[in-house]
Amino acid sequence: MNHISAPDVLAFAVELVAVTALTVWGWRDGGWLGAAAALVAFATVWGTFLSPRAIIPAHGLLWPVAQFTVFALAAFALNRITSVLPAATFLALAFLSVILGGTR
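Fair warning: this is a prediction, and the values are worked out from it, not measured in the lab.

> Mind laying out the nonpolar core, listing which residues take part and the relevant values?
In this structure, Phe42, Phe71 and Phe90 are the most contacted members of the largest nonpolar core, which totals 23 residues. Of all the secondary-structure elements, those providing two or more residues to this core are helix H1 (6–50), helix H2 (62–81) and helix H3 (84–100). The element contributing the most residues to this core is H1, with 10 residues. If near-sequence neighbours (up to four positions away) are discounted, Phe71 is found in contact with Val14, Glu15, Ala18, Trp46, Phe90, Leu91, Ala94 and Val98.

> Describe the pattern of salt bridges, and please don't skip the residues or the numbers.
Applying the stated criterion to the full structure yields 1 salt bridge. Taking the shortest distance from any N to any O, the salt bridge between Arg80 and Asp29 comes out at 3.6 Å. Taken together, the residues Arg80 in helix H2 and Asp29 in helix H1 connect sequence positions 51 residues apart. A relative accessible area of 52% places Asp29 in the exposed class.

Conventions used here
Residues numbered from 1 in each chain as written. Predicted model: local features only at pLDDT ≥ 70, side-chain atom pairs only at ≥ 80, totals over all residues. Heavy atoms only, no water. Core = buried A, V, L, I, M, F, W, Y, C linked by side-chain atoms within 4.5 Å. Buried < 20%, exposed > 50% of the residue type's maximum accessible area, 1.4 Å probe, protein only. Helix = DSSP H or I, 4+ residues; strand = E, 2+ residues; numbered from the N terminus. Contact = heavy atoms within 4.5 Å. Salt bridge = Lys/Arg side-chain N within 4 Å of Asp/Glu carboxyl O.

Structure representation (structure tokens):
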């Protein structure tokens, strides 16, 4: 039986917020095409390089840097669709998730 840790739960929650923020931002700025493009871009980058079952997994220092870069872009998107406080809170939780290394 697999054990699901608190860092894993945090990592999953941050990933869900990131994909949602990016997709909503894409919708607001580009309609259906923007939402689809944002979702496909996130899924491609995440699935190829950053997910626990990545096709070409990022290793070493590249993994947390790339992961935090995606989360920083999501925080920017969240700021665009909400305000600074939710975006800053998300970015802090994303940083904590990267430091704790959930799902890796």
